[in-house]
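Examination of the molecular architecture
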Amino acid sequence: MPWIKAMDGTSLFYSEWGRGKPLLFLSSLGCSHDMWQYQFAALAQAGYRCIGFDRRGHGRSDRPSHGYDYDTLADDVAALVAHLDLRDLGLIAHSMAGGEVVRYVSRHGGARVERIVLLAPTTPRLLGDDGVAARAVRANFEALWAQWMRDYPRWVEESLAPFFVPETSRPMMRWAAGLLQASVPVAIACSRAMLEADLTQEMRSLEIPCLLIHGDRDRSVPVEVAGAPSAALLPDCRFLVYEGAPHGLMFTHMDRLHADMLQFLADE
């Protein structure tokens with residue numbers, strides 16, 4: 001059955017498509033692993049074993065009232081990697097999941113990991129070092145969480161357009177909105193963990209080759225806030241900035257993304 005048990009007994013769902021070297025996909029905050037369908041289709045066709053994983057509280061995994069800190073989320077990833085005995089692994093993460101990848105490697109080691117792909121990550125530290133700026137960022141997040149607690153569907157609807165590009169079809173936007181499969185309490189708990197995380201030192205020690213891709217039109221996590229500082233910290237990083245790409249670049253820039261990922265994954 002495509003479920004495993006986490007260390008605390010939480011049931012976690014995963015699925016697979018294709019055969020070959022394993023790629024484990026970790027999803028955005030709130031989204032099930034179905035967000036990676038287009039990448040599954042392209043990369044499995046290219047000869048990879050694509051594995052999707054529903055973070056606790058997301059998709060078809062259990063929704064406990066605890067465990068939404070990066071340590072526990074990284075332990076959940078480790079449980080899946082061990083259960084499937086994955087080796088020579090490629091880890092692919094979007095947005096919040098970038099922190100899970102960094103914490104997984106720092107907490108469990110990188111012996112099983114061959115490559116890392118970070119797409120529009122929230123690393124290394126959203127709050128930054130400036131006390132005044134940090135207080136402003138925290139206030140913005142508090143206002144966001146208050147909005148989620150009042151009318152989460154309205155926030156989703158209002159956030160769709162900036163997540164895509166003007167050429168994106170409304171059916172694609174509606175489909176993507178349906179990928180949000182986490183409750184409001186879970187979304188807030190994950191968002192708090194993301195905001196509080198400081199992965200600076202862990203990223204400096206991450207020796208695994210990384211591909212980091214960020215769009216210069218990302219309104220959710222601006223490249224100057226996360227992508228550029230993250231790339232500067234990683235010892236072995238290929239950093240690509242996509243002109244005109246938003247946070248949802250895996251939907252809006254598929255062809256370029258797949259080509260860049262395949263080239264990076266195939267490099268010796």
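First, a word on what this report is: a plain description of the structure on this page. (Residues numbered from 1 in each chain as written. Predicted model: local features only at pLDDT ≥ 70, side-chain atom pairs only at ≥ 80, totals over all residues. Heavy atoms only, no water.)

1. Focus on the sheet that holds strand 2 (residues 11–17)
- An order of 1-2-4-3-5-6-7-8 is seen for the eight strands of this open sheet, with the pairing classed as mixed. The open sheet is flanked by strand 1 (3–5) and strand 8 (237–242), the only strands paired with a single partner. Taking each pair of neighbouring strands and ignoring which way they run, the sheet shows an average axis angle of 20°.
- Inspection of the sheet shows strand 3 (residues 21–26) paired to strand 4 (residues 48–53) by six bridges, in the parallel sense. In the strand pairing of strand 4, Lys21 is matched with Tyr48.
- Most of the contacts of helix 2 (residues 70–83) go to strand 1, to which it runs at about 115°, and overall it touches strand 1, strand 2, strand 3, strand 4 and strand 5 (89–94).
- Contacting strand 3, strand 4, strand 5, strand 6 (113–119), strand 7 (210–215) and strand 8, helix 10 (residues 254–266) runs over the sheet at an angle of about 170° to strand 8. (Pairing = 2+ DSSP bridges. Helix = DSSP H or I, 4+ residues; strand = E, 2+ residues; numbered from the N terminus. Axes fitted to C-alpha atoms, helices over the stretch in contact; angles between N-to-C directions. Contact = heavy atoms within 4.5 Å.)

2. Some details on the side chain of His214
- Examined against the element boundaries, His214 turns out to sit in strand 7.
- A relative accessible area of 0% places His214 in the buried class.
- One polar contact links His214 to Asp218, side chain to side chain, over a distance of 3.2 Å.
- In contact with His214, other than residues within four places in its own chain, are Ala120, Pro121, Val221, Pro222, Val223, Ala226, Gly227, Phe239, Leu240, Val241, Tyr242 and Leu249. (Buried < 20%, exposed > 50% of the residue type's maximum accessible area, 1.4 Å probe, protein only. Polar contact = N/O pair within 3.5 Å; in protein donor to acceptor, adjacent residues only side chain to side chain.)

3. Points about the packing of aromatic side chains
- All told, the structure shown has 12 aromatic pairs when counted by the stated rule.
- For the pair Trp3 and Phe13, a centre-to-centre distance of 4.9 Å together with 65° between the ring planes defines the contact as edge-to-face. Remark: Phe13 occurs in strand 2 and Trp3 occurs in strand 1; sequence separation between them is 10 residues.
- Residue class for Trp3 comes out partly exposed when judged on its relative accessible area of 36%.
- Judged by its relative accessible area of 6%, Phe13 falls in the buried class.
- Centre to centre, the rings of Trp148 and Tyr152 are 5.5 Å apart; their planes meet at 80°, and the pair counts as edge-to-face. A residue pair is termed a helical-turn pair when its members lie 3 or 4 positions apart in one helix, as Trp148 and Tyr152 do in helix 4 (residues 131–163) at four residues.
- The class of Trp148 is buried, set by a relative accessible area of 5%.
- Of the residues examined, Tyr152 reaches a relative accessible area of 12% and is grouped as buried.
- Joined through ring pairs, the aromatic side chains of Tyr38, Phe163, Phe164, Trp175 and Phe251 make up one cluster.
- Sitting over the ring of Phe264, Arg115 keeps its end group 5.3 Å from the ring centre. (Phe/Tyr/Trp six-rings, centres within 6.5 Å; stacked < 30°, edge-to-face > 60°. Lys NZ or Arg CZ within 6 Å of the ring centre and 35° of its normal.)

4. Some points on the nonpolar core
- In terms of nonpolar packing, the biggest core is built from 58 residues, with Leu24, Tyr104 and Ile116 touching the most fellow members.
- Excluding residues within four positions of it along the chain, Tyr104 makes contact with Ala74, Val77, Ala78, Val81, Leu91, Gly109, Arg112 and Val113.
- Of all hydrophobic cores here, the second largest spans 31 residues; its members include Phe25, Ile92, Leu211 and Leu257. (Core = buried A, V, L, I, M, F, W, Y, C linked by side-chain atoms within 4.5 Å.)

5. Comments concerning the pairing of strand 4
- Counting buried positions along strand 4 gives five out of six residues, so the element sits mostly inside the fold.
- Judged from the four bridges that link them, strand 2 and strand 4 form a sheet pairing that is antiparallel. The residue bridging Ser15 from the neighbouring strand is Gly52, located in strand 4.
- Crossover strand 3 to strand 4 through helix 1 (residues 37–45) is right-handed. (Right-handed = clockwise from strand over helix to strand, strands pointing away.)

Function-wise, these values are silent; they only describe arrangement.
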